[in-house]
Amino acid sequence: MKTLPTDTSAVIFGCEGTVLSDWERDFFADSNPFGFILFKRNCETPEQLRHLTYDLREAIGREDAPILVDQEGGRVTRLKPPHWRAAPAPGRLGSLMKEDPALAEEAVRLNSQLLSAEVLNVGLNVNCVPSLDLAFPGAHDVIGDRAFAAEPEAAAKLGKVCIDACLSAGVIPVIKHMPGHGRAMVDSHLSLPVVNATLEELKASDFESFRLRSDAPWAMTGHVVYTAVDPDHPATASSKVVKEIIRDYIGFEGLLLTDDLSMEALDGDLGQRTAAAMAAGCDIALHCNGKADEMQAVAANSRIMTEEARDRATAASKRLGNLEDFQYKEAVARLDEILSGA
């Protein structure tokens, strides 16, 4: 990533469909977002997606602008068959840890390389993986098999494999949902989760997988209230959680994104949500649904990226490698062999 212009807005936007409208082109040119995020509604065929990613970057005049996708595998997959591979869920790969940790690491590495090759092929350069949330029995299944493991050490170990594989391939990974969504009893897309565990419990479990991977380049917050830290605000809008837990205790120094501000866990209108996240210390506001009125409200209440945020983005890009001579078909065959024998 080249040096970011000083007028870059601290926001990532979605778009409505498979091609850009004239209004979207003009809005993005005027608002100058840091980047974009795409969903299933935007992804029809590889050729169409290449055109869309090109047009998004052209609209803001930055050929290396970040374009994100949630391509985890399993339930959370935006690039779907028949045009793309059906990647396994992280929990499926993590289940191999019980019998053969080395095999689990190989499977995660192969799958992460494959995911990276697949997203790069259509102009995407940021993948919102891995989830370092823990799989808690009895919790809401919004996380479920999106988590590698129930134990923080195992989740962090496989998370490192995923992070390193993405970076070496030229894709920026985004750990989520900091500082831990796995214990939540409701889906934050629909309502606000409140976690009443003690701070000692959270540090021993939920927070630990993130603390062990504090060197990740990017991270995404969770819309979760941790009553032991801040009973009045979810992490995304809590300066106490951002500063005292994410930055100080966990030690995360990378670029911090909000989760989608249009999710129902958050109070207030989109302008208020954006302002609250910025005030809490998040570097980037993420808005995903592509609705024009909401994007205008987010743009009006975000800010220009701080120098510190621009430095964090640049530092992340300097860690990127290039997956040269990657044997895609051989990697698919080996991953299938591992999973079929498990």
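Check the entry above for the structure.
For every chain, the first residue of the written sequence is number 1, and numbering continues from 1 along that sequence. For this predicted model, a pLDDT threshold of at least 70 governs which residues receive local features, and a threshold of 80 or more governs which side-chain atom pairs are given and counted, while totals over whole chains, interfaces and linings are taken from all residues. Derived side-chain values reflect all non-hydrogen atoms in the structure, with water molecules and hydrogen atoms excluded from consideration.

*Asks:* Please clarify how the overall build of the protein should be interpreted in this entry.
*Replies:* Looking only at helices and strands, the protein features twelve helices and ten strands. C-alpha extents for the protein along the principal axes are approximately 55 × 50 × 35 Å. Exposure categories follow from relative accessible area, calculated using a 1.4 Å probe and restricted to protein chains: below 20% of the type maximum is buried, above 50% is exposed, and the middle band is partly exposed. Classification of the 342 residues of the protein by burial places 58% in the buried group. Counting only carbon and sulfur atoms, one obtains 49% of the accessible surface of the protein, whose full area is about 13,600 Å². Side chains of the protein give 34 positive and 52 negative charges; the mean places of these two sets differ by 3 Å. A helix here means a DSSP run of H or I that spans at least four residues, while a strand means a run of E at least two residues long, and both kinds are numbered starting from the N terminus. Here the accessible surface of atoms and residues is derived via Shrake-Rupley with a 1.4 Å probe, and residues count as covered only by protein chains that are part of the display. Only four residue types enter the charge count, namely Lys and Arg as positive and Asp and Glu as negative; His and the chain termini do not. One atom stands in for each charge, and that atom is NZ of Lys, CZ of Arg, CG of Asp or CD of Glu.

*Asks:* Just checking my understanding: could you explain the packing of helix α9 (residues 270–280) against helix α10 (residues 292–301) for this structure?
*Replies:* Packed helices, taken two at a time, are described by their axes: the angle between them and the distance between them. Here the axes come from fitting lines to C-alpha atoms, over the contacting stretch only for helices, and the angles between their N-to-C directions go from 0 to 180 degrees. Close contact between α9 and α10 brings their axes to 8 Å; oriented N to C, the two are set at 35 degrees. Pair α9 / α10 crosses with right-handed handedness. Along the contact surface, α9 presents L270, G271, T274, A275 and M278, while α10 presents E294, A297, V298 and N301. Class assignment of the residues belonging to the contact of α9 with α10 gives a composition of five nonpolar, three polar and one charged. Handedness of a crossing follows from how the near helix is turned relative to the far one, being left-handed for an anticlockwise turn of less than a right angle and right-handed for a clockwise one. The criterion used for residue contact is that any of the two residues' heavy atoms lie within 4.5 Å. The residue classification treats Ala, Val, Leu, Ile, Met, Phe, Trp, Tyr, Cys and Pro as nonpolar and Asp, Glu, Lys and Arg as charged. All others, Gly included, are polar.

*Asks:* Even after reading the chapter, I still don't get the sheet that holds strand β3 (residues 67–69), so can you show me in this structure?
*Replies:* Strands pair in a sheet through their backbones, by hydrogen bonds, and they do so in one of two ways: parallel or antiparallel. What makes two strands pair is DSSP finding at least two bridges between them. Reading across from one edge, β9-β7-β5-β4-β3-β2-β1-β10 is the order of the eight strands in this open sheet, with parallel pairing throughout. Two strands close off the open sheet at either side, each with one partner strand: β9 (255–257) and β10 (285–287). For strand β7 (residues 218–221) and β9, the ladder comprises three bridges, and the chain directions are parallel. Counterpart to W218 in the pairing with β9 is L255. Contacts from α10 reach β1 (9–13) and β10 within the one sheet, and its direction differs from that of β1 by about 160 degrees.

*Asks:* What should I look at first to understand the side chain of T77 in this one?
*Replies:* Examined against the element boundaries, T77 turns out to sit in the loop between β3 and α3 (90–94). Classification of T77 by relative accessible area gives buried; the value is 6%. In protein, a polar contact requires one atom able to donate a hydrogen and another able to accept it; more generally it is a pair of N or O atoms within 3.5 Å, and residues adjacent in sequence count only if both atoms are side-chain atoms. One polar contact links the side chain of T77 to the main-chain carbonyl oxygen of G74, over a distance of 2.9 Å. Excluding residues within four positions of it along the chain, T77 makes contact with D70 and Q71.

*Asks:* Explain unusual backbone geometry here, please?
*Replies:* If a residue is not glycine, its phi is most likely negative; likewise, a peptide bond is most likely trans. Between K176 and the following residue, H177, the backbone shows a cis peptide bond with an omega angle of -5 degrees. Note on placement: H177 falls in strand β5 (residues 172–178). In this model, M178 is joined to P179 through a cis peptide bond whose omega is 5 degrees. Tracing the chain through its elements places P179 in the loop between β5 and β6 (194–195). Phi is positive for N32, which is not a glycine, with a value near 50 degrees. With respect to the secondary-structure elements, N32 resides in the loop between α1 (22–31) and β2 (33–38). By relative accessible area, N32 is classed as buried at 11%.

*Asks:* Sorry, what's going on with the pairing of β2 here?
*Replies:* Note on strand geometry: in a regular strand, side chains alternate between the two faces of the sheet. Along β2, six of the six residues are buried, which leaves the element largely enclosed by surrounding structure. Where β1 meets β2, three bridges bridge the pair, whose relative direction is parallel. Looking at β2, one finds that F13 is bridged to F36. With the strands aimed away from the viewer, a crossover counts as right-handed if its path from the first strand over the helix to the second runs clockwise. Between the parallel pair β1 and β2, the chain is carried across by α1, and the sense of this crossover is right-handed. Where β2 meets β3, three bridges bridge the pair, whose relative direction is parallel. Counted as the bridge partner of I37 is L68 from β3. For the crossover that starts at β2, traverses helix α2 (residues 46–60) and ends in the parallel β3, the hand is right-handed.

*Asks:* Would you mind going over the pattern of salt bridges with me for this structure?
*Replies:* Two side chains bearing opposite charge may form a pair once their charged atoms approach each other closely. A pair is scored as a salt bridge if a Lys or Arg side-chain nitrogen falls within 4 Å of a carboxyl oxygen belonging to Asp or Glu. Taken as a whole and judged by the stated rule, the model has 19 salt bridges. Taking the shortest distance from any N to any O, the salt bridge between R312 and D283 comes out at 2.9 Å. In this pair, R312 is assigned in helix α11 (residues 307–317) and D283 in the loop between α9 and β10, connecting sequence segments 29 residues apart. Both residues of the pair, R312 and D283, belong to the buried class. Salt bridges sharing partners connect three or more residues here, namely D70, E72, R78, R146 and K176.

*Asks:* Can you walk me through the packing of aromatic side chains in this structure?
*Replies:* Ring pairs (aromatic) are described by centroid distance and by the angle formed between their planes. For this analysis, a ring pair means two rings from Phe, Tyr or Trp (six-membered ring only for Trp) whose centres lie within 6.5 Å, classed as stacked if their planes differ by under 30 degrees, edge-to-face if by over 60, and tilted for the remaining angles. Enumeration over the complete set of coordinates arrives at seven aromatic pairs. Between F34 and W218, the aromatic rings sit 5.7 Å apart at their centres with planes inclined by 40 degrees, giving tilted as the arrangement. Of this pair, F34 sits in strand β2 while W218 sits in strand β7, and the two are 184 residues apart along the sequence. Members of the aromatic cluster, joined through ring pairs, are F13, W23, F27, F28 and F36. By definition here, charges over rings are those cases where NZ of Lys or CZ of Arg is within 6 Å of the ring centre and within 35 degrees of the ring normal. When the ring centre of Y249 is taken as origin, the NZ or CZ atom of K203, which lies over that ring, is 4.6 Å away.

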